[in-house]
Amino acid sequence: MFTFKPSDSLGRIKPSPTLAVTQKANALIRAGADVLSLGAGEPDFDTPNHIKEAAVRAMAEGRTKYTDVDGVPELKAAIAAKFARENGLTYTASQVSVAPGGKAIIFNAFMASLNPGDEVIIPAPFWVSYPDMALLCGGVPVFVPCAMADGYKLRPEALERAITPRTKWLVLNSPNNPTGAALNATELQALAEILLRHPQVMILTDDMYEHLTYGDFRFATIASVAPGLYARTLTVNGISKAYAMTGWRIGYAGGPEPLIRAMAKVMSQSTSNPSSISQYAAIAALNGPQDFIAERAKVFEGRRDLVVAALNAAPGLSCPVPEGAFYVYPSCAGLIGKRMPSGQVIENDERFATALLEAEGVAVVHGAAFGGSPNFRISYAAATAQLQEACARITRFCGGLV
Ligand code: GLU
């Protein structure tokens, strides 16, 4: 009998836990279970109509063929204009890459640059895919813990300690998935001062949640805060979160031309171009009206406040107030070691998340998946009524542990 043996590189990674939780929740829902799915991080809003219409137009006009591997010139121009308008960054078309999602951009960058043993510094908690992508490409993830007491922010001295001659990349992600922590210009400047002393380190900044910030927080990105780092920074962004277009799969980046060219080479032998239709939709998104983004961010802010207040009132949970993204990352340290009515012990956050799903039908992602325990991540990009119900169920679950 034939036995499939996966490659050694595949053996180094695991399936994406965020997608696994979502798929599990979807399967339960399809089977008729009453499940509230707060696992996936994607806006519950729909893609605005003017963007959908641009996609329909693109199809009607026959824009259904292969395009330039890393994006059509009109989209690259729209991206360059976005970087100039919103970030004060100048990128020419040859410094811009478009790929099927932010994930593909990051994967291409690692594939194009990592040699076996090259180190990738990843502040923890981190988005689940950074370490596994680095591993798949032969790199070595180097985790730098960021404490809840520090607002989950990377401290400059911790960064300094993590840098070695083998460091190839530092990954920054602000606002952060899963904690929602956001670095302001002063905090980025402090990190930049360290990085300026280590010219071998490239910076990959994942700015996917740029437009989802709350209160007085003002978004900043490292290449504009520290122009001395511009030449070795890859500024990654996408349309998924800002324009509610997760399924369209368009991510993009601005960066040094040789790296952008190398990323295109990877794409030319793997995915080829991202969907031509999605690219034309992305042009409409980036060049069209932007007002709805701030309006939607206000709605997210209201939901954040609701969820944070409810979780902090739940027995054994403690939830900081994040400044961005649409995640909260409460600690469940107060519940570890307690027992469910069935007698089962909540020995860690993974058990907590599984037990919560089984007992109350609330799907969340356990903190260990993001390298920060004992915590769990809730995506509050869901309808308010659903969030209220989820918080009530979580409170009941926590209150039932002894
Ligand atoms: N970024 C989202 C999340 O963390 C989408 C799922 C994924 O690709 O991980 O939930």
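You'll find the structure just up there.
Just so we're clear, the structure is a prediction, and the values are computed from it rather than from any experiment.

Visitor: What am I meant to see in the sheet that holds strand E9 (residues 327-328) here?
Guide: Within a sheet, neighbouring strands are paired by backbone hydrogen bonds and run either parallel or antiparallel to one another. The three strands are arranged E9-E12-E11 in an open sheet whose pairing can be described as antiparallel. The open sheet has two edge strands with one neighbour each: E9 and strand E11 (365-366).

Visitor: I keep staring at the pattern of salt bridges and nothing clicks. Help me out?
Guide: Close approach of charged atoms allows side chains of opposite charge to pair. Following the criterion strictly, the structure yields 22 salt bridges and no others. Between Asp-132 and Lys-14 there is a salt bridge whose closest N-O contact spans 3.0 Å. In this pair, Asp-132 sits in helix H6 (residues 129-136) while Lys-14 sits in the loop between helix H1 (8-11) and helix H2 (17-30), placing the two residues 118 residues apart along the sequence. Two residues, Lys-76 and Asp-70, come together in a salt bridge whose shortest N-O distance is 2.8 Å. Here the residues in one salt-bridge network are Lys-82, Arg-85, Glu-86 and Glu-210, joined through shared partners.

Visitor: Could you clarify how one ought to interpret the state of the cysteines in this entry?
Guide: Such a bond, covalent and formed between the sulfur atoms of two cysteines, is termed a disulfide. Enumeration over the complete set of coordinates arrives at zero disulfides. In this structure Cys-391 is not part of a disulfide, and its nearest cysteine sulfur, from Cys-319, lies 9.0 Å away.

Visitor: Help me out: how do you make sense of the site of the ligand in this one?
Guide: Taken together, Thr-18, Leu-19, Ala-40, Gly-41, Lys-103, Trp-127, Asn-177, Tyr-209, Lys-241, Tyr-327 and Arg-377 make up the full set of residues adjacent to the ligand. Here Gly-41 contributes a backbone N or O atom positioned 2.8 Å from an oxygen atom of the ligand. Here Asn-177 contributes a side-chain N or O atom positioned 2.9 Å from an oxygen atom of the ligand. Isolated, the ligand exposes 280 Å² of accessible area, and the fraction of that covered by the protein chains is 87%. One can see that the ligand is located within the largest pocket. Each residue belonging to the shell around the ligand can be placed in one class, and the counts come to five nonpolar, three polar and three charged.

What counts, and where the lines are drawn
- Residues numbered from 1 in each chain as written.
- Predicted model: local features only at pLDDT ≥ 70, side-chain atom pairs only at ≥ 80, totals over all residues.
- Heavy atoms only, no water.
- Pairing = 2+ DSSP bridges.
- Helix = DSSP H or I, 4+ residues; strand = E, 2+ residues; numbered from the N terminus.
- Salt bridge = Lys/Arg side-chain N within 4 Å of Asp/Glu carboxyl O.
- Disulfide = S-S within 2.5 Å.
- Near = heavy atom within 4 Å.
- Polar contact = N/O pair within 3.5 Å; in protein donor to acceptor, adjacent residues only side chain to side chain.
- Areas by Shrake-Rupley, 256 points an atom, 1.4 Å probe, with all protein chains shown as cover.
- 1 Å grid on protein atoms, 1.4 Å probe; cavity = no way out; pocket = protein on both sides within 12 Å on 5 of 7 lines; lining within 4 Å.
- Sits in = over half its atoms within 2 Å of the grid points.
- Nonpolar A, V, L, I, M, F, W, Y, C, P; charged D, E, K, R; others polar.

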